[in-house]
Amino acid sequence: MTGERSRVALPARTVESRLIVVARARRAEDYEAVLDVLIDAGIRSVELTLTTPGTFDLLTELRARYDGRADLGVGTVTNGDDLARAVDAGARYLVTPVTSPALVAQARDAGVPIVPGGLTPTELFTSWAAGASAVKVFPAGQVGPSYLKDLRGPFPDIVAVPSGGVDLASAEAWLAAGAVAVSVGGPLLGDAFDGGDLGALRTRAEALVAVCAGGSA
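Residues numbered from 1 in each chain as written. Predicted model: local features only at pLDDT ≥ 70, side-chain atom pairs only at ≥ 80, totals over all residues. Heavy atoms only, no water.

As its UniProt record puts it under Sequence similarities (unreviewed entry), the chain is described as follows: "Belongs to the KHG/KDPG aldolase family." (UniProt positions renumbered as here; feature names shortened; annotations may be inferred.)

The structure is reproduced here in structure tokens:
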């Protein structure tokens, strides 16, 4: 099935905030200090990446710490075993950088939202037709917001989240082009996971939250 009844919706809090922060740290032990700042600054959805060693080990603890305040998803999911483990650990949503109908079907069967990545119209439509909750336009910085406007011509109902190279300046344009949310990593986090100024991170996060909260897409 590829109809709406088989599509698991993204978490309401993530959709309402229109912003997902991708937290890619050197090690999972570094998450807490940075996430404390982000969530206190108004971030309501964070993607914890499996390229960060120890993510699974701390996910349950982090979920308990931020319960009721933020959705914690698991990203860089590229195989069925990791997807099943993320589901078992309570990920609120899943993100994969690849176009894989098999992963979409597995997540859908588990009742967990999934956002698969792609760049070409064929890749993005393949994931959408398979029942993805949304599709990740990646790397978004290589195409720009006008690309989403073009995609919505043949695919007017597609739900898209641009990721990769999205910053404060482009977030508003992506949302205006029809993105359900923007996914932001390095341009927001900077050197926060490497001992950078967390006060500066808070300022950047508050500014990004304000941009994403302003107006409707």
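A. Structural detail: the nonpolar core. Grouped together as the largest cluster of nonpolar side chains are 63 residues, with contacts concentrated most on Tyr-31, Leu-35, Leu-38, Leu-48, Leu-94 and Val-182. Non-local contacts of Val-182, meaning those with residues more than four positions away in its chain, are made with Arg-18, Leu-19, Ile-20, Val-161, Pro-162, Val-166, Ala-171, Trp-174, Leu-175 and Cys-212. (Core = buried A, V, L, I, M, F, W, Y, C linked by side-chain atoms within 4.5 Å. Buried < 20%, exposed > 50% of the residue type's maximum accessible area, 1.4 Å probe, protein only. Contact = heavy atoms within 4.5 Å.)

B. Molecular detail of the pairing of strand S1 (residues 19-23). A large share of S1 lies buried, amounting to five of its five residues. What you see with S1 is no split at all: Leu-19, Val-21 and Ala-23 on one side and Ile-20 and Val-22 on the other are buried throughout. By the bridge criterion, three bridges tie S1 to strand S8 (residues 182-184) in an arrangement that is parallel. Its bridge partner lying in S8, Val-21 is registered against Val-184. As judged from the three bridges shared by S1 and strand S2 (residues 45-49), these two strands associate in the parallel manner. Within S2, the position partnered with Val-21 by the bridge is Val-46. Once you follow S1 into helix H2 (residues 31-40) and on to S2, the crossover reads as right-handed. (Helix = DSSP H or I, 4+ residues; strand = E, 2+ residues; numbered from the N terminus. Pairing = 2+ DSSP bridges. Right-handed = clockwise from strand over helix to strand, strands pointing away.)

C. A look at the pattern of salt bridges. Summed over the entire model, instances satisfying the criterion amount to eight salt bridges. A salt bridge links Asp-71 to Arg-92; the nearest nitrogen and oxygen atoms lie 3.5 Å apart. On the criterion of sequence distance, the pair formed by Asp-71 in strand S3 (residues 71-75) and Arg-92 in the loop between helix H4 (80-88) and strand S4 (94-96) is long-range, its members being 21 residues apart. Of the residues examined, Asp-71 reaches a relative accessible area of 1% and is grouped as buried. (Salt bridge = Lys/Arg side-chain N within 4 Å of Asp/Glu carboxyl O.)

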